[in-house]
Amino acid sequence: MLVELSIKNFAIIEALSISFKKGLTVLTGETGAGKSIIIDAVHLLAGGRGSSEFVRHGEEKAEIEGLFVIDDNHPVMEKAEQFGIDISDGMIVLRRDISESGKSICRINGKLVTISILREVGRTLIDIHGQHEHQELMESSYHLPLLDQFGGEKIAKALKEYENLYKKFDTLQKQWKSLNQNEQQMAHRLDLIKFQYDEIKKADLKLHEDEELMEERKKIMNFERIYEGLKNSYDALRNEQGALDWLAVAMNHLEEAAELDDDLQGVSENVSNSFYLLEEAATTIRNRLELLEYDPHRLDMIESRLNEINQLKRKYGKSVEDILEYFSKIEEEIETLQNRETHLTKLEKELSSVKKDILVEAANLSAVRQEFAKTLTKLIHRELKELYMEKTVFEVRFHKKGTAIQNVEDNEIGKQGLDEVEFYISTNPGEPLKPLSKVASGGELSRIMLALKNIFSKHQGITSIIFDEVDTGVSGRVAQAIAEKIYKVSVDSQVLCISHLPQVAAMADTHLYISKQTIDGRTKTTVKPLDDEEKTKEIGRMISGVEITDLTKQHAKELIEQANSIKAVHIS
């Protein structure tokens, strides 16, 4: 959930730090006080479109920062791993700075990220819904994955089995398409890779050959230094009065002393071992000196061979290993192209066999989805009934690819199966069902979205859901129903809600009052958490307007008591 929001130099907000808690937080206040500006800030934090207009007049930049607390199974963990973002202690910090030129700098847990990455991560943490927001639930492309989330483990298992076959089918299909190009393209490709094959084969490369040649070149180019080093070392060991002579003297004296003192036996053996090791080393140095020979012709041969290898590297790979791997790959491709018809026939048989299997899995996946679609439909109808839309008809509509499953074309087989799913709805008896995206009435749309949110919030795993005046245009019993539904969503997800309805405010676990004041000729927005008495007074203001009477206060108390009774039922 969102636990802390910091806003600086954003619109009319000079500096604001707000702490949020679990459950339902309601933000109220006079029109223009800055409620929606706070939501705008959260929207930008989640990757919304920025603008220089958001920067407070006279300031260089606006700064927005949010701290979220998450569990180990939260969907954001997968996104963080994908983008290389470290998340420790179950906390994630989103930050966005917008300059007066309109440019944004985005960070997640201190790491600089692009706006698209911020949006990808942000959408797993925050879902903002307002009267005119274009939400995922309104996008038909999102309905199928949403249904799959609702189906949980059962759909996930069926989808996994389908995806395993799809990967194999997709690979075979790509191979078939590659081989099925026109004859002229195939001939050109064969000529090219034959030339490359012959060039690499003629070079007769050996693995790590370039590394060995460079080492040999290094030795030849430093012949004199190597020779001098070996000669001086040998002289120091073997010449008269050299190290070995003195070591032999020390060894002999220690052997005599060790015969008289057992405690010296260990040091005597160490010196003896050192003598024989150095004697062996001296012999090795002498042999190397005898074998050393400067061959300028060999150096020319090495340079020529390395040049040949480097030319091949520029064409076929960064290393000899890469070149040899490419050689092996085109050798197989040559064989395939030379026997193209045979391979095409083999691929077509494999494709046909895999297609039969994948269609069986697709049919099974579709059946499981349709089973959960029926359950979802019943739940949606129940939710809408509670929101006084009992005459509304909801349907999860499946659009099949192909007139029959056996007539499905290869290019119609997708990663998610053969199903295309879209939510349809009719809000008035006698009217045909239409796509959810075509529903235009603001009040109806608010209730439909609440019904969907109440069901899907449990399956989406989103940390914070924000409702920005979704209760506009409703009143009376519908307002009460919406208040209860918003609270119900908050049981499973943190909910932040801007509202003008006293019924919604009464349901709040936390009530924040947003106000503005003018100080030194500048407008500033402030946020104040209300205690029980202040909450009663604010709800009274929402009921009656400016003047708050004893009757209004009594009505406000009754609303709060009623809300507490309803909340007690949900908690139990």
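Structure's up top.
The sections below set out a description of the structure shown in this document.

What counts, and at which threshold
- Residues numbered from 1 in each chain as written.
- Predicted model: local features only at pLDDT ≥ 70, side-chain atom pairs only at ≥ 80, totals over all residues.
- Heavy atoms only, no water.
- Phe/Tyr/Trp six-rings, centres within 6.5 Å; stacked < 30°, edge-to-face > 60°.
- Helix = DSSP H or I, 4+ residues; strand = E, 2+ residues; numbered from the N terminus.
- Buried < 20%, exposed > 50% of the residue type's maximum accessible area, 1.4 Å probe, protein only.
- Core = buried A, V, L, I, M, F, W, Y, C linked by side-chain atoms within 4.5 Å.
- Contact = heavy atoms within 4.5 Å.
- Pairing = 2+ DSSP bridges.
- Axes fitted to C-alpha atoms, helices over the stretch in contact; angles between N-to-C directions.

Next up on the list: the packing of aromatic side chains. Ring pairs (aromatic) are described by centroid distance and by the angle formed between their planes. Overall, the coordinates contain nine aromatic pairs when judged by the stated rule. On the basis of an interplanar angle of 90 degrees and a centroid distance of 6.3 Å, the ring pair of Phe-150 and Phe-372 is categorised as edge-to-face. Taken together, the residues Phe-150 in helix 4 (residues 143-179) and Phe-372 in helix 12 (residues 340-386) connect sequence positions 222 residues apart. For the pair shown, Phe-150 and Phe-372 are each scored as buried. Between Tyr-316 and Tyr-326 the ring centres are 5.5 Å apart and the planes differ by 15 degrees, which places this aromatic pair in the stacked class. Taken together, the positions of Tyr-316 in helix 10 (residues 296-316) and Tyr-326 in helix 11 (residues 320-338) put the pair ten residues apart, joining distant regions of the chain. A relative accessible area of 10% means that Tyr-316 is categorised as buried.

With that settled, consider the nonpolar core. The biggest cluster of nonpolar side chains holds 97 residues, and the ones touching the most others in it are Leu-376, Val-396, Ile-413, Phe-423 and Ile-486. For Leu-376, the residues in contact, after removing those within four places along its chain, are Leu-147, Phe-150, Val-396, Phe-423, Ile-455 and Phe-456. Of all hydrophobic cores here, the second largest spans 44 residues; its members include Ile-13, Leu-44, Leu-45 and Ala-46.

The phi dihedral of Ala-11 is positive, around 55 degrees, even though this residue is not glycine. Mapped onto the fold, Ala-11 is located in the loop between strand 1 (2-10) and strand 2 (13-19). Even without being a glycine, Asp-204 presents a positive backbone phi close to 50 degrees. Locating Asp-204 in the fold gives a position in the loop between helix 5 (183-203) and helix 6 (209-221).

With antiparallel pairing, the six strands of this open sheet are ordered in space as 2-1-4-5-6-7. Across the chains shown, the open sheet's two edge strands, defined by having one partner strand only, are strand 2 and strand 7 (111-113). When the angles between neighbouring strand axes are averaged without regard to direction, this sheet yields 15 degrees. Where strand 1 lies against strand 2, six bridges are found, and the strand directions are antiparallel. In the strand pairing of strand 2, Ser-6 is matched with Ser-17.

Attention shifts here to the side chain of Asp-148. Among the secondary structure elements, Asp-148 is positioned in helix 4. Overall, the relative accessible area of 11% leaves Asp-148 in the buried class. Sequence-distant contacts of Asp-148, defined by excluding residues within four places in its chain, comprise Ile-155, Leu-159, Arg-369 and Gln-416.

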